[in-house]
Amino acid sequence: MNVTIDSLEDADIFGRPLFNDPSSRKLKRVGVVDVGSNSVRLVVFDGAARSPAYFFNEKIMCALGAGLSDTGRLNPEGRARALSAIARFQEIAAQICNGPLTAVATAAVREAEDGPEFCAEVLEKTGLEIHVIDGKEEARLSAQGVLLGWPGSYGLVCDIGGSSMELAEINDGEVGERVTSKLGPLKLQDIEGGAEGRQAYIQKTLDKLYVKMGDQENRLFLVGGSWRAIARVDMERRAYPLNVLHEYRMTAEDVAATAGFIAENDLEELRQRCGLSAQRMALVPFAIEVLIGLLDRFTPYDIAISSYGIREGMLYEQMPDELRRRDPLIEACRHAESKDARLPGFGRTLYDFVKPLFKDGSKDRKRLVKAACLLHDVSWRAHPDYRAETCFDNATRANLGGLKHSERVFLGLALLHRYRNKREGTRFEELYDLLNDEDQKQAEILGKAMRFGAMLWMQAGTDLGKLTYKAKSAELHLELPDRARALYGEVAEARLQSLASALEAELFVSFS
């Protein structure tokens, strides 16, 4: 049998879903605790394991590592708060998780002389065993967290905590060289000599890291709360319209401008404008000094913020290889369709119907078309007056991996047009500018094609007819099976004409 490239791509995307496979079901309601130098957090994952939703996510700012450089011991107040938080997390996990919590501790606990004593106390009082990991293992898990969101990526993963900073190289989905350092902002607060002393210490440390890591000119993935806080401030400076940190992009020039922006503004006022905690904001001026030095030393071609890190890396660790290779976006969309659509499985039928309009599209574009078709009906329970905006809001702000911000807007705009002809007059108009005019037009065409195709809805796997688009002659042809004649009523005809208008094509309809 001859198999076309398109059909191979479709088989890869629309093969047997894995979110309900036994190997994936065991990842349902997995809970992990991350005992960091600055915070203690519980995350419980659920949904499609390849692009997990956060069923529960709570963080307590404990500052376990505050003062560690001077005393060699954990911050006593932070230690008490961490113990209280872990006791709460254990009680919550007993109610909602399918198995016991997995807990890891990083730099503060592994460096403190009373770290073993703290772990023993936690075990005695809560029953939770904390695994203290070294810096290289922390780097590996953080890099795996990045791979959960960006399968097959190349670049340098930089995870900053309160007391340490780790680097890990990723190549074609594999974690390579890893190093750790004491460049966490809590450590930098204790460096003598003010700004000059910190600058000298940062430069000396980065030079040592460079010797081990070598040139790193691919993408820099930033993991950790201090990096996310800097990105949030950068958004404020730029008046960036989409407040989603995951996959937010910056350049070295952006970072330099944001460093100046921080220096020029009152930190408390800026903290409130950006919605950051006081503890986090206090560390931002130190963290951005590290970031500037990092960019100067390694010169990556761009910067991406990752909301996925060590906790997601712990989930990734438990995934079978087959699941790791899946596209996180498509797996999440298939899970949403199976759970929320009126007719699960119709998304593939709809994709087969609309894809002739995008036959010349890139692989990335076809991937978004597939995602939109899978999601086209999952918001049907929303009130009809708000359904279009609900779709847009969900697509642009949902926890979906493997999506650039512009792709989020493309997907949202396509789904908005699935439910309404015009995109003007919504509260999201400022986001449209994240797409160029041509991409806005393509999203409109996709949305209107889905809007019409849904009117031919009979059952998954049914032949909806055939769309043919002839760009050179500006013709749109629809051939319908004769049994679908009754479905082609006046509303369907109006929707098809709207699609033809978006394509600036003459419409031809036939029955066979």
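S.K.: Please clarify how the overall build of the protein chain should be interpreted in this entry.
M.R.: Scanning the protein chain from terminus to terminus reveals 22 helices and 14 strands. Computed over the C-alpha atoms, the radius of gyration of the protein chain is 25 Å, within 12% of the 24 Å expected from 2.2 N^0.38 for a compact globule of 512 residues. If you line up the protein chain on its principal axes, its C-alpha atoms span 85 × 45 × 45 Å. Residues classed as buried in the protein chain amount to 56% of the 512 residues present. For the protein chain, restricting intrachain contacts to residue pairs at least 6 apart in sequence, the fraction spanning at least 24 positions comes to 72%. A total accessible area of about 21900 Å² is found for the protein chain, and carbon and sulfur atoms account for 47% of it. Side-chain charges of the protein chain comprise 67 positive and 77 negative groups, with the mean position of each set lying 4 Å from the other.

S.K.: I would appreciate a short explanation of the sheet that holds strand 10 (residues 249-250) in the present structure.
M.R.: Across a sheet, paired strands are connected by hydrogen bonds in the backbone, their directions being either parallel or antiparallel. A sheet is described by the order of its strands in space; here 6 strands give the open sequence 8-7-6-9-11-10, paired in mixed fashion. Two strands lie at the open edges of the sheet, namely strand 8 (174-181) and strand 10, each paired on one side alone. Relative to strand 9 (residues 219-223), strand 6 (residues 155-160) runs parallel, the two sharing 5 bridges. Each residue of the ladder has a partner; that of L156, found in strand 9, is L220.

S.K.: Help me understand the side chain of D327 in this model?
M.R.: Considering the arrangement of structural elements, one finds D327 in the loop between helix 15 (321-324) and helix 16 (328-340). Judged by relative accessible area, which is 18%, D327 ranks as buried. Every residue in contact with D327, bar those within four places of it in the chain, is listed here: R50 and R367.

S.K.: Just to check I follow, could you spell out helix 11 (residues 252-264) for this structure?
M.R.: The first and last C-alpha atoms of helix 11 sit 19 Å apart over 13 residues, in line with the 18 Å expected at 1.5 Å per residue. The inward-facing, buried residues of helix 11 contact helix 10 (225-238), strand 10, helix 12 (267-274), helix 13 (278-298) and strand 11 (302-306).

S.K.: Please explain the pattern of salt bridges as it appears in this structure.
M.R.: Note that side chains of opposite charge can pair when their charged atoms are close. Applying the stated criterion across every chain, the model contains 37 salt bridges. A salt bridge links R29 to D46; the nearest nitrogen and oxygen atoms lie 2.7 Å apart. Here R29 is found in the loop between helix 2 (22-25) and strand 1 (30-35), whereas its partner D46 is found in strand 2 (residues 39-46), with 17 residues between them in sequence. Residue classification places R29 among the partly exposed positions, given a relative accessible area of 21%. Salt bridges linked by common partners bring R73, R79, E113, D114, E117, E121 and K125 together as one network.

S.K.: Is there a simple way to explain the confidence of the model for the protein chain in this structure?
M.R.: Residues shown with low pLDDT carry predicted positions that ought not to be read at fine detail. Considering every residue of the protein chain, the mean pLDDT works out to 91; 93% of them sit at 70 or more. In the predicted structure, residues 1-8 sits below a pLDDT of 50 and forms 2 contacts with residues beyond four places in sequence or in another chain.

S.K.: Help me out: how do you make sense of the packing of helix 10 against helix 11 in this one?
M.R.: Contact geometry for helix 10 and helix 11: axes closest at 9 Å, N-to-C directions at 85°. With respect to helix 11, the element helix 10 is oriented roughly perpendicular. Touching I230, V233, D234, E236, R237 and R238 of helix 10 are D254, A257, T258, F261 and I262, all from helix 11. A breakdown of the residues in the contact of helix 10 with helix 11 according to their chemical character gives 5 nonpolar, 1 polar and 5 charged.

S.K.: Explain helix 13 here, please?
M.R.: Given 3.6 residues to a turn, an α-helix orients residues that are three or four positions apart in the same direction. An ideal rise of 1.5 Å per residue puts 30 Å on 21 residues; helix 13 measures up with 30 Å between its terminal C-alpha atoms. At V284, helix 13 shows its strongest bend, of approximately 40°, with the proline P285 following within four residues. In the stretch just after helix 13, T299 is the one whose phi turns positive, near 45°.

Criteria and cut-off values
- Residues numbered from 1 in each chain as written.
- Predicted model: local features only at pLDDT ≥ 70, side-chain atom pairs only at ≥ 80, totals over all residues.
- Heavy atoms only, no water.
- Helix = DSSP H or I, 4+ residues; strand = E, 2+ residues; numbered from the N terminus.
- Rg over C-alpha atoms; globule rule 2.2 N^0.38 Å.
- Buried < 20%, exposed > 50% of the residue type's maximum accessible area, 1.4 Å probe, protein only.
- Contact = heavy atoms within 4.5 Å.
- Areas by Shrake-Rupley, 256 points an atom, 1.4 Å probe, with all protein chains shown as cover.
- Lys, Arg positive; Asp, Glu negative; His and termini not counted.
- Charge placed at Lys NZ, Arg CZ, Asp CG, Glu CD.
- Pairing = 2+ DSSP bridges.
- Expected span 1.5 Å × (residues − 1).
- Salt bridge = Lys/Arg side-chain N within 4 Å of Asp/Glu carboxyl O.
- pLDDT = per-residue confidence, 0-100.
- Axes fitted to C-alpha atoms, helices over the stretch in contact; angles between N-to-C directions.
- Parallel < 35°, antiparallel > 145°, perpendicular 65-115°, else oblique.
- Nonpolar A, V, L, I, M, F, W, Y, C, P; charged D, E, K, R; others polar.
- Bend = angle between axes of the 7 residues up to and from the residue.

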